[in-house]
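Examination of the molecular architecture
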Amino acid sequence: MIERNSSNQLQPWLDPDELIVSIGSIRKESIPRVRASLLSLCTHSDPDVREEAVRKLFVEGKDMTGRDQVTAAFQTDPAANVRSTAAYGIAATSDPASRAADARLLLSILFDTMVEGEVRNAVYEALLIMHRKRDFPSLKRGVVKDSDIDWDWAKGLRESFGLG
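The notes below deal with the structure included here.

Scoring rules and cut-offs
- Residues numbered from 1 in each chain as written.
- Predicted model: local features only at pLDDT ≥ 70, side-chain atom pairs only at ≥ 80, totals over all residues.
- Heavy atoms only, no water.
- Phe/Tyr/Trp six-rings, centres within 6.5 Å; stacked < 30°, edge-to-face > 60°.
- Helix = DSSP H or I, 4+ residues; strand = E, 2+ residues; numbered from the N terminus.
- Buried < 20%, exposed > 50% of the residue type's maximum accessible area, 1.4 Å probe, protein only.
- Axes fitted to C-alpha atoms, helices over the stretch in contact; angles between N-to-C directions.
- Parallel < 35°, antiparallel > 145°, perpendicular 65-115°, else oblique.
- Left-handed = near helix turned anticlockwise from the far one by under 90°.
- Contact = heavy atoms within 4.5 Å.
- Nonpolar A, V, L, I, M, F, W, Y, C, P; charged D, E, K, R; others polar.
- Patch = residues over 30% accessible without salt bridge, like charges linked within 9 Å, V, L, I, M, F, W, Y side chains within 5 Å.
- Areas by Shrake-Rupley, 256 points an atom, 1.4 Å probe, with all protein chains shown as cover.
- Salt bridge = Lys/Arg side-chain N within 4 Å of Asp/Glu carboxyl O.
- Lys, Arg positive; Asp, Glu negative; His and termini not counted.
- Charge placed at Lys NZ, Arg CZ, Asp CG, Glu CD.
- Core = buried A, V, L, I, M, F, W, Y, C linked by side-chain atoms within 4.5 Å.

1. Observations regarding the packing of aromatic side chains
This structure, assessed with the given rule, holds two aromatic pairs. Ring geometry for Phe111 and Trp151: centres 5.2 Å apart, planes at 65°, overall edge-to-face. Of this pair, Phe111 sits in the loop between α6 (99-110) and α7 (117-130) while Trp151 is found in helix α9 (residues 151-160), placing the two residues 40 residues apart along the sequence. What makes Trp151 buried here is its relative accessible area of 16%. With a centroid separation of 6.2 Å and an interplanar angle of 75°, the aromatic rings of Tyr124 and Trp153 are classed as edge-to-face. Here Tyr124, found in helix α7, pairs with Trp153, found in helix α9; they are 29 residues apart in sequence, far enough to count as distant.

Printed below as a string of structure tokens:
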């Protein structure tokens, strides 16, 4: 098991399904010991492996030292599921020094109607998390653009960061 600090189970040449199981078995307190392996898996060829590595390292582990990696995944990964998880990773690792830049980056995607709905929904929830708003959309049906997103709040937030 990964809890014993066996990064051998996180080698990129292993079967993607095995990697996903191994990543999932990492306990939060063990994340720093396998950080380098997880960071390399953030660029794995399999999008599900990338997503799980991003989730474990940034969302759960709140790894501040790899913020460039989570931002890059959010901006450039070809898989919507990876970009969605990276949005949560940005929120989880945002701090007072990065908050404005993080919000600007997320807001630019929220208002981009060409971006997949899955990504925009994750961005909205990430913004809610960052700004400690509690009015999350229903988990049962997901975000419905017109009725669940507080567009007035989002527009006000966008204006407050000079993106008006």
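2. Regarding the packing of helix α4 (residues 67-76) against α6
Direction vectors running N to C along α4 and α6 enclose 15°, while the axes themselves pass 12 Å from each other. Taken together, the axes of α4 and α6 lie roughly parallel to each other. Both α4 and α6 take part in a crossing whose hand is left-handed. Counting all contacts with α4, which are made through Arg67, Thr71, Phe74 and Gln75, the residues of α6 involved are Asp102, Leu105, Leu106 and Ile109. Split by residue class, the contact of α4 with α6 holds four nonpolar, two polar and two charged.

3. So, a negative patch on the surface
A cluster of acidic side chains, namely Asp15, Asp17, Glu18 and Asp48, defines a negative patch on the protein surface. Summarising the element assignment, Asp15 is placed in the segment before α1 (16-24). By relative accessible area, Asp15 is classed as partly exposed at 37%.

4. Digging into the nonpolar core
Counting 45 residues, the largest nonpolar core has Leu38, Phe74, Leu106, Leu110, Val123 and Leu127 as its most contacted members. For this core, the elements supplying multiple residues, two or more each, are α1, α2 (35-41), α3 (47-60), α4, α5 (80-93), α6, α7 and α9. Looking at which element gives the most residues to this core, the answer is α7, with eight residues. Those residues within four positions of Leu127 in sequence are excluded, and the remaining contacts are Ala103, Leu106, Leu107, Leu110, Trp153 and Leu157.

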